[in-house]
Number of protein chains: 2
Amino acid sequence: VLLCAMDVCLIQTLILFCSLICCFWADTPSNKSTPNIIIILMDDMGWGDLGVFGQPSKETPNLDSMAAQGMLFPNFYTANPLCSPSRASLLTGRLPVRNGFYTTNAHARNAYTPQEIVGGISKDEILLPQVLKKKGYVSKIIGKWHLGHSAHHLPLEHGFDEWFGAPNCHFGPYNSSDRPNVPVYNNSQMVGRYYEEFGIDKKTGESNLTQIYLEEGLDFIFHQNMAQRPFFLYWAADATHAPVYASKRFLGKSQRGRYGDAVMELDYSVGQMLAWLRALGIDKDTFVFFTSDNGAAVMSGPKQSGSNGPFLCGKETTFEGGMREPAIAWWPGHIPAGTVSQQLGTVMDLFSTSLSVAGLSVPDDRLIDGLDLSPVLHNNTLINRPIFYYRGNEMMAVRVGPYKAHYWTWSNSWEEFNQGINFCPGQEVAGVTTHTQQEHTMQPLIFHLGWDPGEKYPISVVTKEYQDALSRITAVVEKHKKGLVPGVPQLNMCDMAVMNWAPPGCEKLGKCLKAPKSQPWKCDWPH
Amino acid sequence: VLLCAMDVCLIQTLILFCSLICCFWADTPSNKSTPNIIIILMDDMGWGDLGVFGQPSKETPNLDSMAAQGMLFPNFYTANPLCSPSRASLLTGRLPVRNGFYTTNAHARNAYTPQEIVGGISKDEILLPQVLKKKGYVSKIIGKWHLGHSAHHLPLEHGFDEWFGAPNCHFGPYNSSDRPNVPVYNNSQMVGRYYEEFGIDKKTGESNLTQIYLEEGLDFIFHQNMAQRPFFLYWAADATHAPVYASKRFLGKSQRGRYGDAVMELDYSVGQMLAWLRALGIDKDTFVFFTSDNGAAVMSGPKQSGSNGPFLCGKETTFEGGMREPAIAWWPGHIPAGTVSQQLGTVMDLFSTSLSVAGLSVPDDRLIDGLDLSPVLHNNTLINRPIFYYRGNEMMAVRVGPYKAHYWTWSNSWEEFNQGINFCPGQEVAGVTTHTQQEHTMQPLIFHLGWDPGEKYPISVVTKEYQDALSRITAVVEKHKKGLVPGVPQLNMCDMAVMNWAPPGCEKLGKCLKAPKSQPWKCDWPH
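Residues numbered from 1 in each chain as written. Chains lettered and ligands numbered in written order. Predicted model: local features only at pLDDT ≥ 70, side-chain atom pairs only at ≥ 80, totals over all residues. Heavy atoms only, no water.

Under the annotation held in an unreviewed UniProt entry, chain A carries the name N-acetylgalactosamine-6-sulfatase and is attributed to Salmo trutta. UniProt, in the comment section headed Subcellular location (unreviewed entry), describes chain A in these words: "Lysosome". As recorded by UniProt, the Subunit (unreviewed entry) comment attached to chain A reads in full: "Homodimer." (UniProt positions renumbered as here; feature names shortened; annotations may be inferred.)

On to the UniProt feature "glycosylation site" (unreviewed entry) in chain A, then. As recorded in UniProt, the sites labelled "glycosylation site" (unreviewed entry) are N208 of chain A. Along the chain, N208 of chain A turns up in the loop between β7 (189-193) and α6 (209-226). (Helix = DSSP H or I, 4+ residues; strand = E, 2+ residues; numbered from the N terminus.)

Often the size quoted for an interface is simply the accessible area lost on bringing the parts together. In this assembly, 34 residues from chain A lie in contact with 34 residues from chain B. Both sides of the chain A and chain B interface together cover about 2,700 Å² of buried area, and 59% of this is carbon and sulfur. It is P56, K58 and W451 of chain A that lose the most area in chain A upon contact with chain B, and together they represent 22% of the buried surface on that side. At the boundary of chain A with chain B, the tally comes to two salt bridges. Residues K303 of chain B and E465 of chain A are paired through a salt bridge, measuring 3.8 Å at the closest nitrogen-oxygen approach. Across the contact surface, chain A and chain B share eight residue pairs in polar contact (both at pLDDT 80 or more). Taken together, the residues of the side of chain A that touches chain B sort by class into 16 nonpolar, 11 polar and seven charged. (Contact = heavy atoms within 4.5 Å. Buried area = accessible area lost by both parts, 1.4 Å probe. Salt bridge = Lys/Arg side-chain N within 4 Å of Asp/Glu carboxyl O. Polar contact = N/O pair within 3.5 Å; in protein donor to acceptor, adjacent residues only side chain to side chain. Nonpolar A, V, L, I, M, F, W, Y, C, P; charged D, E, K, R; others polar.)

What follows deals with the sheet that holds strand β19 (residues 445-448) of chain A. Residues and elements named next belong to chain A. Spatially, β14-β15-β16-β19 is the arrangement adopted by the four strands of the open sheet, whose pairing is antiparallel. Edge positions in the open sheet fall to β14 (387-391) and β19, since each of these has one partner strand only. Neighbour-to-neighbour, the strand axes of the sheet open up by a mean angle of 20°, direction not taken into account. As paired elements, strand β16 (residues 403-406) and β19 share four bridges and run antiparallel to each other. The residue of β19 that forms the bridge with A405 is I446. Each of β14, β15 (394-400), β16 and β19 is contacted by helix α12 (residues 464-482), which is oriented at about 125° to β15, the strand it contacts most. (Pairing = 2+ DSSP bridges. Axes fitted to C-alpha atoms, helices over the stretch in contact; angles between N-to-C directions.)

Attention now goes to the sheet that holds strand β14 (residues 387-391) of chain B. Residues and elements named next belong to chain B. Pairing is antiparallel across the open sheet formed by four strands, whose spatial order is β14-β15-β16-β19. The sheet terminates laterally at β14 and β19 (445-448), the two strands that pair on one side only. Averaged over all adjacent pairs, the angle separating strand axes in this sheet is 20°, with direction ignored. Along the sheet, helix α12 (residues 464-482) contacts β14, β15 (394-400), β16 (403-406) and β19; its crossing angle with β15, the most-contacted strand, is approximately 125°.

So, on to the domain arrangement of chain A. All names here are of chain A. Under the domain assignment used here, chain A contains domain 1 (36-384) and domain 2 (394-483). Distance from the C-alpha centre of domain 1 to the C-alpha centre of domain 2: 27 Å. The interface of domain 1 with domain 2 comprises 23 residues on the first partner and 25 residues on the second. For the pair domain 1 and domain 2, the summed buried surface comes to about 2,000 Å²; carbon and sulfur atoms form 58% of the total. Considering only the side of domain 1, the residues that lose the most area to domain 2 are H107, L312 and F319, jointly responsible for 29% of the buried surface there. For the pair domain 1 and domain 2, the number of links is one salt bridge. Notably, a salt bridge pairs K404 with E320, separated by 2.8 Å at the nearest N-O pair. Where domain 1 meets domain 2, there are 10 residue pairs in polar contact (both at pLDDT 80 or more). When the residues that make up the side of domain 1 that touches domain 2 are grouped by side-chain class, the tally is 12 nonpolar, five polar and six charged. (Domains from an automatic or database assignment.)

What follows is about the relation of the copies chain A and chain B. Copies of the same chain, two in number, are related to each other by a rotation about an axis and a translation along it. Turning chain A through 180° and shifting it by 0.0 Å along the axis lays it on chain B, with an RMSD of 0.0 Å. When the rotation and shift are considered jointly, the pair of chain copies conforms to a two-fold rotation axis. Considering only C-alpha atoms, the residue of chain A closest to the rotation axis is G54 of chain A, which sits at 1.9 Å. (Least-squares fit on C-alpha atoms with pLDDT ≥ 70 in both.)

With that out of the way, let us pick up the packing of aromatic side chains. Residues and elements named next belong to chain A. Under the counting rule described, the total for this entry stands at 40 aromatic pairs over all chains. Three or more aromatic residues joined by ring pairs form one cluster here, namely F73, F76, F287, F289 and W331. A cation over a ring is seen here: R249 above Y268, with NZ or CZ 4.8 Å from the ring centre. (Phe/Tyr/Trp six-rings, centres within 6.5 Å; stacked < 30°, edge-to-face > 60°. Lys NZ or Arg CZ within 6 Å of the ring centre and 35° of its normal.)

What follows is about the side chain of R109 of chain A. Residues and elements named next belong to chain A. Inspection of the secondary structure puts R109 in the loop between α4 (96-99) and α5 (128-132). Separated by 3.1 Å, the side chain of R109 and the backbone oxygen of H107 make a polar contact. Other than its neighbours up to four places away in sequence, R109 contacts T103, R391, G392, W410, Q437, W525, P526 and H527.

Looking now at the state of the cysteines. Residue and element names in this part refer to chain A. Applying the stated criterion to the full structure yields six disulfides over all chains. Put simply, C494 and C523 are joined by a disulfide, and their sulfur atoms are 2.1 Å apart. Looking down the S-S bond of the C494 and C523 bridge, the torsion is 110°, so its handedness is right-handed. With C494 in strand β20 (residues 493-494) and C523 in the segment after β21 (521-522), this residue pair connects regions lying 29 residues apart in the sequence. Taken as a pair, C494 and C523 share a single burial class, namely buried. The disulfide that involves C506 links it to C512, with 1.8 Å between the sulfurs. Judged by the sign of its S-S torsion, about 95°, the bond between C506 and C512 is right-handed. The class for C506 is buried, based on a relative accessible area of 0%. The exposure class of C512 is partly exposed, given its relative accessible area of 36%. (Disulfide = S-S within 2.5 Å. Buried < 20%, exposed > 50% of the residue type's maximum accessible area, 1.4 Å probe, protein only.)

On to the pairing of strand β8 (residues 231-236) of chain A, then. All names here are of chain A. With six of six residues buried, β8 is to be regarded as a mostly interior element. Neither face of β8 is exposed, since F231, L233 and W235 on one face and F232, Y234 and A236 on the opposite face are all buried. Sheet topology note: the strand β1 (residues 36-42)/β8 ladder contains four bridges and is parallel. Within the sheet, the bridge partner assigned to I37 lies in β8 and is F232. Summarising the sheet, strand β4 (residues 138-144) and β8 pair through six bridges and their orientation is parallel.

All names here are of chain A. With respect to burial, helix α3 (residues 83-92) is a largely interior element, 10 of its 10 residues being buried. Taken residue by residue, α3 has C83, S84, P85, S86, R87, A88, S89, L90, L91 and T92 as its buried positions. Those residues of α3 hidden inside the fold are in contact with β1, α4, α5, β4, β8 and α9 (348-357).

Let's shift gears to the pattern of salt bridges. Residues and elements named next belong to chain B. Tallying each qualifying case throughout the model produces 42 salt bridges over all chains. R256 serves as the salt-bridge partner of D49, at 2.6 Å between the closest nitrogen and oxygen. Here the residue D49 occupies a position in the loop between β1 (36-42) and α2 (61-69), and R256 occupies one in the loop between β8 (231-236) and α7 (258-279), the gap between them amounting to 207 residues. Classification of R256 as buried rests on a relative accessible area of 8%. With a shortest N-O distance of 3.4 Å, D161 and K133 are connected by a salt bridge. Placement of D161 in the loop between β4 (138-144) and β5 (162-166) and of K133 in the loop between α5 (128-132) and β4 is noted, with a sequence separation of 28 residues between them.

Pasting the structure below:
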């Protein structure tokens, strides 16, 4: 591990050094048939957190530069307003309702993978690294996995060759008799736990995790390049997920407080990775995509949450603030610099597009929701396609062109709201940000997201515009529902016994905990 | 008038042509002691209307380029959340409460210059073009004046050498027995009226006014440059003020509807002006500043209003949405390209900065609120200064550093609100967006605009942060109040007799109307 012990401050020097001595392999052709692929996925970062998307602090110079050198997508979506299903969709190219990352315990509920979840990613699903393997790609995930933490759900069982990171969110610290702290893995073995070997100071917000993830990433890139192997790096840092954290050198540096500090460090890290690709002379051989897993967690605001810019509500909801994501594609010499694409895109497209970039086809034995965005990337064409907004087992809304129809609206329950949990702080649109699950299936609320991106003005049902939009959308919905075979829901059962009590490798570290007796129950998903 | 009759489509050709043949005077030194000055002022355009400030449609490529070539100000403010006082402040460098552009008819009321207003800009105020004259500047205003329409209030009486535009908003059309349509002036003579000689089709939104203003602007630049005279161009187009309009070639082109069409045409016009400066070889000799007069008129939403991005409320209010403005400074070779300044700036600074650019001092016989931003523009330094948010005769709020203290909060009255007039559509912050005038002078509401730009989370009064911020702000407020000598309020009296019945030049056109008998009353300013 060349770089692991090295301070990030030295990376800049190494980049300079390497750009001098590494030039002998900088001559690799820029039209490699198997370009490297890097997907950079943020955690709970909002559309409005980037300077280029209007964050007033303008503290993301590296991401803004990445956009200036690449293609910006203002209409890019996640597949679900919550972390686990979103990540499952990114890696399978399929909606959660197909790949099983949802619950049927109650109607329209967000479900994810806390430590007590029994399920995880099904062995029947095909993940991006599994297909990339056909062309010899080496795949690594760095950071948060979140597709289940039982042994058969872990990344190395699903196509990844390497992993450095954790299976769950970095919540804690816990009293280990009630609940174990979340383990950090290096490949198939745990190497410590959050709040133990991998510190997160919840008082000061200090943690060097992003720095570690950056070093891991640079190191992986370096070694695969040395070995002349095409690689897929899935860099899924989680510093912007509550409890937000940053390294010492970034703490207090942002105008936006600790959340902004985390953003600055992530922005810096992205800048370092792109500089590294350039220094190694493989920038023209590497397709990089930056996005986030769901909208900013505005319910954790003000100090642990990002911004969804002008959009309504945030994480957990199917309003634009919950599902519209910052997105930038970067591939010098292939993607025209400084372009903006109005293409409607989704994280599932990263599955199909990455395979296309690698010269591979998507699996033909199942429905893939992801679209190959290559024509968009190379020629800035526009492909007509809808966006589906699911919450658990319910299709809440659909976007077709500029129109978005809500078939169901819900922020969260009155019960939660009255306890101070607010999914739309400072925002309220009568009949839209409802606190009961409101059905509109007979007459959906329709918004024009061009002149009304904030979803404030439902189009009057008596207008021709409404009728035209509705008939266009209805056709899309009918087709979608006809082709929909829901997958087996994987997020229904919980059990304290399945938590990370004794992950592989715990013996060596003396960190095995005793699991309680198995007592499974149907998980309660309140929203 | 070289260009007046020419279609804007030809301008591009002329720019190319001129860039070839005009090179003989392109050799003028780039460090002229009297650089040209262009202030481009938008009408009701919001902070969030520019791509570079996060408008999802990203339809302002020229303004985004201007920012990439210049300096962007995410913390730039107007002096008042309404058009007339804002414009009076820009041209005098003084707060409305000093220059008289306010009312004392009721507490904290926004006042402007509708046709029935008796007052206007006082002869005792010194306007920017009056001072620039000392150095031989030729000054022209193109577009909306809005500082009074009685003969002695018009631009040519206050330092401008030329004028093409109108004294009031383009409301109408009116039945001329009740109310005259607003006249359009060419210098000191009217040349027609809105909805008569200068058409605005309220059904289709078509009007070629922006095109006319662009041609006037290019023509003025051309002639002053030919004559080797330094010039000040104040380009105040109003296409984004309701009723919004655009030329035929822009109608229907935006994703955002008619408002977006207007923005696209204004963006195009700015691009043409900058290209013209380059073609004439005077880009390095011309300081250009782009901003807007107040926040987007969200109460006119959805289709006649722009966007204030992540900020609270809009026009008429002293929340950020009412007073934070898009702002870009451009001066190739003088202002470093692609920079972002976190300097707190105001439209009043354009007075002081323009004078500084011209090598002139501000008047020393009165208090000037504007700051000379030259050190910011040239060296990206930061100057500590407060921002005052006035509504009529009341200081509603103050910003010092990242902190903003509200001493009074008010959106609009319950009476108006219940009639459907909403200054904060879709937004509601309990105790903040109040519908009564709420006094907080003993314990102001304080927000941190870094981590809470949307003014959603008042800082708890029991925290040290609150106390520290308050004592810092209190000192600033005390100093401000001590030095405050309110000007004579100019916007108290109304009279139907003073409307634009018979402007100079009307005889020639046969467009004089008969004024009713004078019956002055105290204007009613409802909000």
